[in-house]
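So you can see what is in the structure, the chains are spelled out below.
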Amino acid sequence: MDYKLIAKIFKALGDSNRVQIVDLLSCGELCACDLLEYFNFTQPTLSHHMKVLISAEIVQTRKSGIWHNYSLNEEKMTFISDVIQSLVKNNENCICHSIENGECSCNNDQLVNSSNSTYLK
């Protein structure tokens, strides 16, 4: 599993405006002017968000005259869905299978509890 690629995708989706853009594009292709109607920010801000989504290959663009039309990259959407399913289920590709005997190699007596978290000594 390419964890760097997955992290890049999740980072691109780590902004609520970009998640909303993806949601809007799930209904079909939209031009920048149509997308801007849903937000209280400027065209340069939209361009920044679209650049992040395009860089992560979540969104693709098609130029039509002076406008850019945006749509979801369906292949990448399928990939993201498959990755999420793979991450939340124990299957043969799960990283946990690389742990010997299926158990954590650290001893429980090495764990220290603090008020906020548990960590190794």
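These numbers were taken from a predicted model, which means no experiment stands behind them.

Conventions used here
- Residues numbered from 1 in each chain as written.
- Predicted model: local features only at pLDDT ≥ 70, side-chain atom pairs only at ≥ 80, totals over all residues.
- Heavy atoms only, no water.
- Buried < 20%, exposed > 50% of the residue type's maximum accessible area, 1.4 Å probe, protein only.
- Helix = DSSP H or I, 4+ residues; strand = E, 2+ residues; numbered from the N terminus.
- Arc of directions from axis to C-beta.
- Polar contact = N/O pair within 3.5 Å; in protein donor to acceptor, adjacent residues only side chain to side chain.
- Pairing = 2+ DSSP bridges.
- pLDDT = per-residue confidence, 0-100.
- Contact = heavy atoms within 4.5 Å.
- Salt bridge = Lys/Arg side-chain N within 4 Å of Asp/Glu carboxyl O.
- Core = buried A, V, L, I, M, F, W, Y, C linked by side-chain atoms within 4.5 Å.

Undergrad: Provide a residue-level description of helix H1 (residues 3–12), including the pertinent values.
TA: Here H1 has its buried residues at Ile6, Ile9 and Ala12. In a view along the axis of H1, the buried residues occupy a sector of 125 degrees, so they form one face of it. Among the exposed residues of H1, those pointing more than 90 degrees away from its buried face are Lys4 and Lys11. Capping the start of H1, Asp2 holds a side-chain oxygen 3.3 Å from the backbone nitrogen of Lys4, two or three residues further along.

Undergrad: Describe the pairing of strand S2 (residues 59–64), with residues and values.
TA: Direction of pairing for S2 relative to strand S3 (residues 67–72): antiparallel, over a ladder of six bridges. Bridge pairing links Val59 to Leu72 in S3. Count of turn residues in the S2/S3 antiparallel hairpin: two residues, of which Gly65 carries a positive phi of about 65 degrees.

Undergrad: Which residues make up the confidence of the model for the protein chain, and what values go with them?
TA: Averaged over all residues, the pLDDT of the protein chain equals 83, while 74% of them reach at least 70. Ranking the helices and strands of the protein chain by mean pLDDT puts helix H2 (residues 16–25) first, with 97, and strand S5 (residues 118–120) last, with 44. This model gives residues 107–114 a pLDDT under 50, and the stretch forms 13 contacts once residues within four places in sequence are excluded. Counting interchain partners and residues more than four positions distant, the pLDDT-below-50 stretch residues 117–121 has 14 contacts.

Undergrad: Mind laying out the pattern of salt bridges, listing which residues take part and the relevant values?
TA: Under the counting rule described, the total for this entry stands at two salt bridges. Notably, a salt bridge pairs Arg62 with Glu29, separated by 2.6 Å at the nearest N-O pair. Remark: Glu29 occurs in the loop between H2 and strand S1 (30–31) and Arg62 occurs in strand S2; sequence separation between them is 33 residues. Judged by relative accessible area, Glu29 falls into the partly exposed class, the value being 41%. Between Glu57 and Lys76 there is a salt bridge whose closest N-O contact spans 3.3 Å. Residue Glu57 is found in the loop between helix H4 (43–55) and S2, and its partner Lys76 is found in helix H5 (residues 74–88); the two are separated by 19 residues along the sequence.

Undergrad: Would you mind going over the nonpolar core in detail, with residue names and values included?
TA: Inside soluble globular proteins, nonpolar side chains tend to come together where they are buried. If you look at the biggest cluster of nonpolar residues, it comprises 20 residues, and the most contacted ones within it are Leu25, Leu35, Met50, Leu53, Ile58 and Val59. Elements represented by at least two residues in this core include exactly H1, H2, helix H3 (32–36), H4 and S3. In terms of residue count, the dominant contributor to this core is H2 (four residues). Sequence-distant contacts of Met50, defined by excluding residues within four places in its chain, comprise Ile21, Leu25, Leu35, Val59 and Tyr70.

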